[in-house]
Amino acid sequence: MLKTLLIFAFLCLCFAQSHPVLSAQAAPEACPRPLPGSVVTEPADLRSRNGVLKVELTAHNAKQRDGSTRYCYIDENGAASPTLRVNPGDLVILTLRNDLTDFSPGAATAAHLHMDAGKNGNSCTSDVMTRESTNLHFHGLTIPPVCHQDDVLHTSIQPGDAPFEYRFRIPENEPPGLYWYHPHIHGFTKEQVLGGASGAIIVEGLERADKAVRGLPERVLIIRDQDLLNPNAPPSKWEPVVPKMLFDRDGDAANTGTGFGKPAKDLSINFVPVPYPDYPPAVIEMRPEEQQLWRVVNASGITYLNLEILLGHTPQPLGLVAMDGVPLNENGLPRDFVDWQTHLGVPPGARVEFIVKGPPEGAAGLLVTKTVDTGAGGENDPNRAIATITVSKDAPEPPSELAASPQPLPASQMPWLGSVVPVRTRKLYFSEKLLDPNDPNSATEFYMTVEGQTPAQFDPKSGIPNIIAKQGTVEDWIIENRSSELHAFHIHQLHFMLVDYRGKPVNEPFLRDTVNVPYYDGKALEYPTVRLRMDFRDPNTVGDFVYHCHLLEHEDGGMMGLIRVEP
Ligand SMILES: [Cu+2]
């Protein structure tokens, strides 16, 4: 009898394997997500061993009943969007397999086109960028912009291509902190990132740079955005004002200027959705008055965050220690430096790492994002809850904890960026143009232009750099915003220092890789600007790479430029 059963089981297995329909039915749901109101859990941690982090990721997507498409990275153990934990000097060997499907109407034709176009089968030079192409950008890391490392200009992996190997070394001098990975296929980045294609990278050792975080339990929180689950719902009755619902030129809910109303996108925290209009908060469990390090990525496609933790109506102190992957005391501020704030603005793409103290026993906190004024042409980012912070003595601890008595990080060998004289100053500007100037609802073209050049949407095929810089130098870039909405300037491969904001010196004593450029209000005599000190000293910055707005519909729409750093 047993033998018969075994044979039967074997037959079933063979049958299932040769009949994709059957095996598909048995397959688990692709890109599953927690329900609204769920407890926030940490992504799985993948740690390097003996100086090597080996990981196999597959990019999946799945069409939902509501018409949206989810994207996810699944590793060889089945974990979704794992956190890659590396030390400076480690070798990363990451293979990426593309299992994406183009679910758009007319997809079959597009698929055939790409199979012809991508015939050379070389993911380094395929140049084919379609809805089902993918690749990876390692946001914030100073690694070379070349194929198999951090090239996004030509590297494109198609479904059916052999698994593609990324192989790079984390620089010995990479500052410890929070970085992230996401696809960067020109024209289709927004769709994949909104769908959930992103994950965290941690360069270990923040506790070596800043004593204040030693021994703290740490949490990785990835805040993503996605299309509204309830786009037609009226705002919740508790909202004090019901603003007029307008749409911006991208088709998203426009900035109402009230802090209320329909947001452009829903948010999620570690994939727990917090949908409009009631924003049922996710749940973060802590022990009473426990201190933790929260490492937050704004992995949104277009949503600005302005994070605050409320206890009752009182904003709680947030102890900022690192931004965009760089400790705030990188430039020699005290070894235990903490910048205590009550709210933290985080543009799309940026990261903040801060100390949080849990509410006292019997109380609950609320993690919220406060409204961000994105300008008359910007999207609506209203006030809304993200997660309640509940406390109990036996709340589970996060799986990772920073070392309690590490070797202090040696001081940086490089002179501080703020004290280096720039070799030149360049001016670049963000602008937008309606295709039909008489029709405010016509499509928008997005530009990022070097002053003196003709505004043009980024053309990945052109290969002609907009800027040529020399490795070993430092330059000042003035970024101007001639449009009526906020943009987030980001450059690959390097960090910069914010020198002036709106023409006023700020000389921030720390570094960023993503910064807000304030919008033009239509009245001021001059367009608003920021001045950035750009650091091309590292040999890893040699090559061709991009700078762009990190609001992904702007980036996909052409608000991007090409820089060549010559050796
Ligand atoms: Cu933008």
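Residues numbered from 1 in each chain as written. Predicted model: local features only at pLDDT ≥ 70, side-chain atom pairs only at ≥ 80, totals over all residues. Heavy atoms only, no water.

Asks: So what about the overall build of the protein chain? Which residues, and what values?
Replies: Scanning the protein chain from terminus to terminus reveals six helices and 35 strands. The C-alpha atoms of the protein chain give a radius of gyration of 24 Å, which matches the 24 Å a tight globule of 567 residues would have. Considered along the principal axes of its C-alpha atoms, the protein chain spans approximately 85 × 60 × 55 Å. Out of the 567 residues belonging to the protein chain, those deemed buried represent 56%. Approximately 23600 Å² of the protein chain is accessible, and the part contributed by carbon and sulfur atoms is 55%. Both charge centroids of the protein chain, one from 48 positive and one from 70 negative side chains, sit 1 Å from each other. (Helix = DSSP H or I, 4+ residues; strand = E, 2+ residues; numbered from the N terminus. Rg over C-alpha atoms; globule rule 2.2 N^0.38 Å. Buried < 20%, exposed > 50% of the residue type's maximum accessible area, 1.4 Å probe, protein only. Areas by Shrake-Rupley, 256 points an atom, 1.4 Å probe, with all protein chains shown as cover. Lys, Arg positive; Asp, Glu negative; His and termini not counted. Charge placed at Lys NZ, Arg CZ, Asp CG, Glu CD.)

Asks: Give me the lowdown on the sheet that holds strand β1 (residues 45–47), citing residues and values where you can.
Replies: Pairing is mixed in the open sheet, where five strands are placed in the order β1-β4-β9-β8-β6. Either end of the sheet is taken by a strand with one partner, and the two such strands are β1 and β6 (137–139). Taken over all neighbouring pairs, the strand axes of this sheet differ in orientation by 25° on average, direction set aside. Where strand β4 (residues 83–86) and strand β9 (residues 199–203) come together, three bridges link them in parallel fashion. Bridging from a neighbouring strand, valine 86 pairs with valine 203 of β9. (Pairing = 2+ DSSP bridges. Axes fitted to C-alpha atoms, helices over the stretch in contact; angles between N-to-C directions.)

Asks: Lay out the state of the cysteines with the relevant residues and their values.
Replies: Per the counting criterion, the structure on display carries two disulfides. With its sulfur 2.1 Å from that of its partner, cysteine 31 forms a disulfide with cysteine 72. Judged by the sign of its S-S torsion, about -80°, the cystine formed by cysteine 31 and cysteine 72 is left-handed. Remark: cysteine 72 occurs in strand β3 (residues 69–75) and cysteine 31 occurs in the loop between α2 (20–26) and β1; sequence separation between them is 41 residues. Cysteine 72 carries the same exposure label as cysteine 31, and that label is buried. Across the disulfide, cysteine 124 is cross-linked to cysteine 147 (sulfur-sulfur distance 1.9 Å). Linking cysteine 124 and cysteine 147, the disulfide has an S-S dihedral of approximately -90° and is accordingly described as left-handed. Here the residue cysteine 124 occupies a position in the loop between α3 (107–117) and β6, and cysteine 147 occupies one in the loop between β6 and β7 (164–169), the gap between them amounting to 23 residues. Look at cysteine 147 and you get partly exposed, because its relative accessible area is 22%. With cysteine numbering restricted to those in disulfides and following the sequence, the protein chain has the pairing 1-2, 3-4. (Disulfide = S-S within 2.5 Å.)

Asks: Describe in detail the pattern of salt bridges, supporting the description with residues and values.
Replies: Here the structure, examined in full by the defined rule, presents 31 salt bridges. Put simply, glutamate 480 and arginine 482 hold a salt bridge, and the shortest N to O gap is 2.7 Å. In this structure arginine 482 comes out as partly exposed when scored by relative accessible area, which is 28%. Among the charged side chains, a network of salt bridges with common partners joins Asp45, Arg47, Arg85, Glu204, Glu218, Arg295 and Glu353. (Salt bridge = Lys/Arg side-chain N within 4 Å of Asp/Glu carboxyl O.)

Asks: Report on the side chain of aspartate 210, specifying residues and quantitative values.
Replies: On the secondary structure map, aspartate 210 appears in the loop between α5 (206–209) and β10 (217–226). Despite being buried, aspartate 210 has no salt bridge partner; arginine 214 is the closest side chain of opposite charge, sitting 7.5 Å away. Within the structure, aspartate 210 has its side chain in polar contact with the backbone nitrogen of alanine 212 (distance 2.9 Å). Once residues within four sequence positions are removed from consideration, aspartate 210 is found in contact with Val321, Asn329, Arg335, Asp336 and Phe337. (Polar contact = N/O pair within 3.5 Å; in protein donor to acceptor, adjacent residues only side chain to side chain. Contact = heavy atoms within 4.5 Å.)

Asks: Explain the nonpolar core to me, and be specific about the residues and the numbers.
Replies: A general feature of soluble globular proteins is that nonpolar side chains tend to end up buried together. Of all hydrophobic cores here, the largest spans 34 residues; its most connected members are Trp477, Ile479, Phe489, Ile491, Tyr547 and Ile563. With residues near it in sequence (within four places) discarded, tryptophan 477 still touches Arg426, Leu428, Ile467, Phe489, Ile491, Val530, Arg531, Leu532, Met534, Phe536, Tyr547 and Ile563. Core analysis: the next-biggest nonpolar cluster, separate from the first, contains 30 residues, Val40, Met286, Leu318 and Leu367 among them. (Core = buried A, V, L, I, M, F, W, Y, C linked by side-chain atoms within 4.5 Å.)

Asks: Got a sec to walk through the confidence of the model for the protein chain? Specific residues and values, please.
Replies: On average, the protein chain scores 91 in pLDDT, and the residues at 70 or more come to 92%. The low-confidence segment residues 1–26 (pLDDT under 50) makes three contacts with residues lying over four places distant or belonging to another chain. (pLDDT = per-residue confidence, 0-100.)

Asks: Just give me the short version of the coordination of the copper ion, but keep the residues and values in it.
Replies: Angles at a metal have ideal values that depend on geometry: 109.5 degrees with four tetrahedral donors, 90 or 180 degrees with six octahedral donors. Looking at the metal site, the copper ion is ligated by His487 (ND1), Cys549 (SG) and His554 (ND1), spaced 2.0 Å from it. In primary sequence terms, the donor set of the copper ion follows H-x61-C-x4-H. Here histidine 487, found in strand β29 (residues 487–491), pairs with histidine 554, found in helix α6 (residues 552–556); they are 67 residues apart in sequence, far enough to count as distant. Note on accessibility: histidine 487 and histidine 554 belong to one class, buried. (Donors = N, O, S within 2.8 Å, 3.2 Å for Na, K, Ca; no water.)

Asks: Help me get a handle on the side chain of histidine 139, residues and values and all.
Replies: Secondary-structure assignment places histidine 139 in strand β6. In terms of polar contacts, histidine 139 uses its side chain to reach the backbone carbonyl oxygen of glycine 349, at 3.3 Å. Separated by 3.5 Å, the side chains of histidine 139 and threonine 514 make a polar contact. Apart from residues lying up to four places away in sequence, histidine 139 is in contact with Tyr179, Trp180, His182, Gly349, Arg351, His490, Asp513, Thr514 and His550.

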